[in-house]
Amino acid sequence: MQDCREEEMSIQPPSFKENPLRPEQLKSLSWMLKCESDSNPYFEKVEVEAIFKPFAWRAEMKASVKSNIRGGILGDQVGFGKTAMMIALVDCSRDAAVINSKKSNDSGRISTAATLVIVPKHLPLQWAEEVKKFVGSSMTVIVIKNMVDLNKLTVGAVLNADMIICAESI
C-alpha cells in the first residue's frame with residue numbers, strides 16, 4: 001500500500017474558489033492524480049514450476065505483463081474530507097475526460113466525459129450538495145436516486161454531464 005505523506009502538494013483544483021482544500025488534502029489529491037495517470041504501470045507477474053520426473057528436470061517459467069491500471073482506495077479517516085477530495089479529483093481531471101470521451105469508438109457505445117459516482121442509497125442528494133458547495137455551478141451534475149430518475153434520463157443529459165451521482169441500489 002502506498003501513502004501520500006511524502007507527496008508534494010497539488011495546486012488547488014480549478015473550481016474550488018470558496019472552500020479550498022487543506023494542505024494534507026492537497027497531498028492526497030496529488031497522490032490521486034498520480035494514481036489516475038498512465039505513468040504509473042502495474043506489473044502482473046506469474047510464476048509456474050513443473051517437474052519432469054523421468055529425467056529429473058525442473059522447469060521454472062516467469063512472465064510479466066505491464067498493465068496501466070488507474071485508481072486506488074482513498075482510505076482516510078472519517079471527517080478527513082474524502083468527498084471533497086474526490087470532487088477535487090474530478091474537477092482536476094475534466095479536461096482529460098473530455099479528450100478521452102472524444103476518441104473513436106467502434107463498439108456502438110456512447111462515450112461521455114461524465115464521471116460516475118456510485119454512493120449508498122441515502123447519499124445521492126448529500127453528494128450533490130457537496131459538489132455544489134465546492135465547485136458551485138461549474139459542474140453539470142445528474143442525480144439518480146431511483147428508477148424514476150433513471151427512466152427520465154436522456155442521452156443528451158449524459159453527454160452534457162460532468163458527474164453522474166447514482167444510488168448503489170440502482
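Just above, that's the structure.
It should be emphasised that the depicted structure is a prediction, and the values quoted were computed from it without experimental measurement. (Residues numbered from 1 in each chain as written. Predicted model: local features only at pLDDT ≥ 70, side-chain atom pairs only at ≥ 80, totals over all residues. Heavy atoms only, no water.)

S.K.: With reference to specific residues and values, describe the side chain of S15.
M.R.: As for its position among the elements, S15 is in the segment before α1 (23-36). Take S15: its relative accessible area is 14%, and that puts it in the buried class. Here the side chain of S15 touches S138 through a polar contact of 3.0 Å, side chain to side chain. S15 has contacts with D91, R94, F134, V135 and S138, leaving out every residue within four places of it along the chain. (Helix = DSSP H or I, 4+ residues; strand = E, 2+ residues; numbered from the N terminus. Buried < 20%, exposed > 50% of the residue type's maximum accessible area, 1.4 Å probe, protein only. Polar contact = N/O pair within 3.5 Å; in protein donor to acceptor, adjacent residues only side chain to side chain. Contact = heavy atoms within 4.5 Å.)

S.K.: Please provide a residue-by-residue account of helix α3 (residues 124-135), values included.
M.R.: With 12 residues, α3 ought to run about 16 Å at 1.5 Å a step, and its terminal C-alpha atoms sit 16 Å apart, in line with that. For α3, the set of buried residues is P124, W127, A128, V131, F134 and V135. End-on view of α3: buried residues confined to an arc of 135°, all on one side of the axis. Turned more than 90 degrees from where α3 packs its buried face, L125, E129 and K132 sit exposed. A positive backbone phi angle near 60° is found at G136, which sits one or two residues after α3. (Expected span 1.5 Å × (residues − 1). Arc of directions from axis to C-beta.)

S.K.: Let's hear about the side chain of D162: which residues, and what values?
M.R.: Note that D162 resides in the loop between α5 (155-160) and β5 (163-167). Judged by relative accessible area, which is 18%, D162 ranks as buried. In this structure the side chain of D162 is engaged in a polar contact, spanning 3.4 Å, whose partner is the side chain of R94. Ignoring sequence-local partners within four residues, the contact set of D162 consists of V90, R94, A113, A114, T115, S138, M139 and T140.

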